[in-house]
Amino acid sequence: MPELPEVETVRRQLEREVVGRKIKTVEVSGTRTVRRQPKKQFIARLTDAKITGVRRQGKYLALNLDTGDIVYVHLRMSGQLRKAAAKDEKAKHTHVIVTFTQGGQLRFIDPRTFGEWFVTNPETIDEDAPEIGALGFDPLDEPISWRAFAQVLMARDTKLKTFLMDQTVMAGIGNIYSDEILHEAGLMYDRSTRSLTTMEIRRLYRSVVEILHDAVKHGGSTLDDEQFVDLAGKTGDYAQFHQVYARDRQPCRRCRGTVTKARFSQRSTYYCPDCQM
DNA sequence: CGATCTACCTGATGGC
DNA sequence: TGCCATCAGGTAGATC
């Protein structure tokens, strides 16, 4: 479900809610959420540790512990983090419950069970989770110059949407925001990276930064299925500003065209055939 | 190196 | 009503 703006929205709230708190107990249900290490080990490394910071790397959340360990959380398609009280009823598909010594809980709800939690540390992370080290730059936290972006782009020979969604190039963009960014930039999803002019590259990068920034400002995108909610269960506002995503057969908000839905790499892709070239 | 497909899951939706 | 197919924000791994 969530892409960079949704994960960043949750990160900012976690910073306020869980930093400085000490973990009293951890409950993990099922075998899917904690799957790259024994559940017992995972629980032991979290128990009694204090959370000292919350970072985001692309779509991953990283909770720093005072033990030197780092807890990584990836929401994948349907994961939700929610703040709760011990007495609150347990929602269906609740797979992790972290209870703090001062009271209060952090819960992980994930119907499709693609989401994942694991604990590692800086010494073993490359072995435990090589995909973290392989992540590309973060367009929100570590924006690069458009010239550096042009270098990165020209080093690849692929289609624009594939390029934007490649987490090893730039981390955090998924299916929704790649479509919105390409529309903002006026570029077709299947254009080759090699075909772009200097002007188009600048425009693409400006759109990446602008769209992600705006989406964060509005608390991310909650679609009609209401799957994305923040720590407090609140929806994000950004979907109302979507120009193309899930707007097929509706008029383009920029030109006289009609938003069209296509299939690209087995994913839905939305674009305006009149203002994207 | 890049493209394409499969698999991992549950749930919502639409057609018949 | 029910049954079946299709689709959903992501990513890793196999194969060509």
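Residues numbered from 1 in each chain as written. Chains lettered and ligands numbered in written order. Predicted model: local features only at pLDDT ≥ 70, side-chain atom pairs only at ≥ 80, totals over all residues. Heavy atoms only, no water.

### Observations concerning the overall build of chain A
Rules: Only DSSP runs of H or I reaching four residues or more are called helices, and only runs of E reaching two or more are called strands; each is numbered from the N terminus. Radius of gyration here is computed from C-alpha atoms only, and the compact-globule reference equals 2.2 Å multiplied by the residue count raised to the power 0.38. The contact criterion used is simple: two residues touch if any of their non-hydrogen atoms lie within 4.5 Å. Throughout, the Shrake-Rupley method with a 1.4 Å probe supplies accessible areas, and for residues the shown protein chains are the sole cover considered. Working convention for charge: Lys and Arg count positive, Asp and Glu count negative, and His plus the chain ends are omitted. A single reference atom marks each charge: NZ on Lys, CZ on Arg, CG on Asp, CD on Glu.
When its secondary structure is counted, chain A shows eight helices and ten strands. Computed over its C-alpha atoms, the radius of gyration of chain A comes to 20 Å, within 12% of the 19 Å expected for a compact globule of 277 residues. Seen along its three principal axes, the alpha-carbon backbone of chain A occupies a region of about 55 × 40 × 30 Å. Considering only intrachain contacts with a sequence separation of at least 6, the fraction spanning at least 24 residues in chain A is 61%. Taken as a whole, chain A presents about 13,100 Å² of accessible surface, with 48% of it coming from carbon and sulfur. Counting 43 positive and 37 negative side-chain charges, chain A places the centres of these two groups 2 Å from one another.

### Quick word on the sheet that holds strand β6 (residues 94–100)
Stated formally: Two strands pair if DSSP finds at least two bridges between them. In this description, a line fitted to the C-alpha atoms serves as the axis of each element, helices being fitted only across the stretch in contact, and the angle between N-to-C directions of two axes falls anywhere from 0 to 180 degrees.
An order of β1-β6-β7-β5 is seen for the four strands of this open sheet, with the pairing classed as antiparallel. Lying at the two open borders of the sheet, with one neighbouring strand each, are β1 (23–28) and β5 (80–84). Recorded for the sheet is a direction-independent mean angle of 15 degrees between the axes of neighbouring strands. Two strands pair when backbone bridges link them, and β5 and strand β7 (residues 105–109) are joined in this way by five bridges, in the antiparallel orientation. Looking across to β7, one finds that lysine 83 is bridged to leucine 106.

### Thoughts on the domain arrangement of chain A
Let me state the cut-off plainly: What counts as a domain boundary in this text is fixed by an automatic or database domain assignment. The term buried area means the drop in 1.4 Å probe accessible area that two parts suffer when joined, counted for both and summed. In what follows, salt bridge is the name for a side-chain nitrogen of Lys or Arg lying within 4 Å of a carboxyl oxygen of Asp or Glu. Pairs of N or O atoms are called polar contacts if they sit within 3.5 Å, as long as, within protein, a hydrogen donor faces a hydrogen acceptor (for residues adjacent in sequence, only side-chain-to-side-chain pairs).
The domain boundaries assigned to chain A delineate domain 1 (4–133) and domain 2 (146–271). Just the C-alpha atoms count here: the centres of domain 1 and domain 2 sit 28 Å apart. Between domain 1 and domain 2, the contact holds 18 residues from the first and 19 residues from the second. Regarding the contact of domain 1 and domain 2, the summed buried area is about 1,600 Å², with carbon and sulfur atoms giving 64% of it. Here domain 1 and domain 2 share zero salt bridges between them. For the pair domain 1 and domain 2, the interface holds eight residue pairs in polar contact (both at pLDDT 80 or more). When residues of the side of domain 1 that touches domain 2 are traced back to their parent elements, those giving at least two are α1 (4–18) and β5.

### Description of the packing of aromatic side chains
The test is simple: Between 30 and 60 degrees the pair is tilted, below 30 it is stacked and above 60 it is edge-to-face, where a pair is any two Phe, Tyr or Trp rings, Trp via its six-membered ring, whose centres lie within 6.5 Å. Summary of the burial criterion: residues with accessible area below 20% of their type's maximum are buried, those above 50% are exposed, and those between are partly exposed, where the area comes from a 1.4 Å probe applied to protein chains only.
Per the counting criterion, the structure on display carries twelve aromatic pairs. When the centroid spacing of 4.5 Å and the interplanar angle of 25 degrees are considered together, the rings of phenylalanine 149 and tyrosine 205 count as stacked. Linking phenylalanine 149 in helix α5 (residues 146–154) with tyrosine 205 in helix α8 (residues 198–217), this pair joins segments that are 56 residues apart in sequence. Each member of the pair, phenylalanine 149 as well as tyrosine 205, is classed as buried. Among the aromatic residues, those joined into a cluster by ring pairs are Phe137, Phe149, Phe163 and Tyr205.

### A closer look at the sheet that holds strand β8 (residues 116–120)
One open sheet holds the four strands; their spatial order is β2-β3-β4-β8, and the pairing between them is antiparallel. What marks the edges here is a single partner per strand, and that holds for β2 (51–57) and β8. Averaged over all neighbouring strand pairs, the angle between strand axes comes to 20 degrees, with direction disregarded. Bridging between strand β4 (residues 70–74) and β8 involves five bridges; their strand directions are antiparallel. Across the sheet, the residue bridging to histidine 74 is glutamate 116, located in β8. Across the face of the sheet, α1 comes into contact with β2 and β3 (60–65) while running at roughly 170 degrees to β2. Together, β3, β4 and β8 form the strand contacts of helix α2 (residues 39–46), whose direction differs from that of β8 by roughly 65 degrees.

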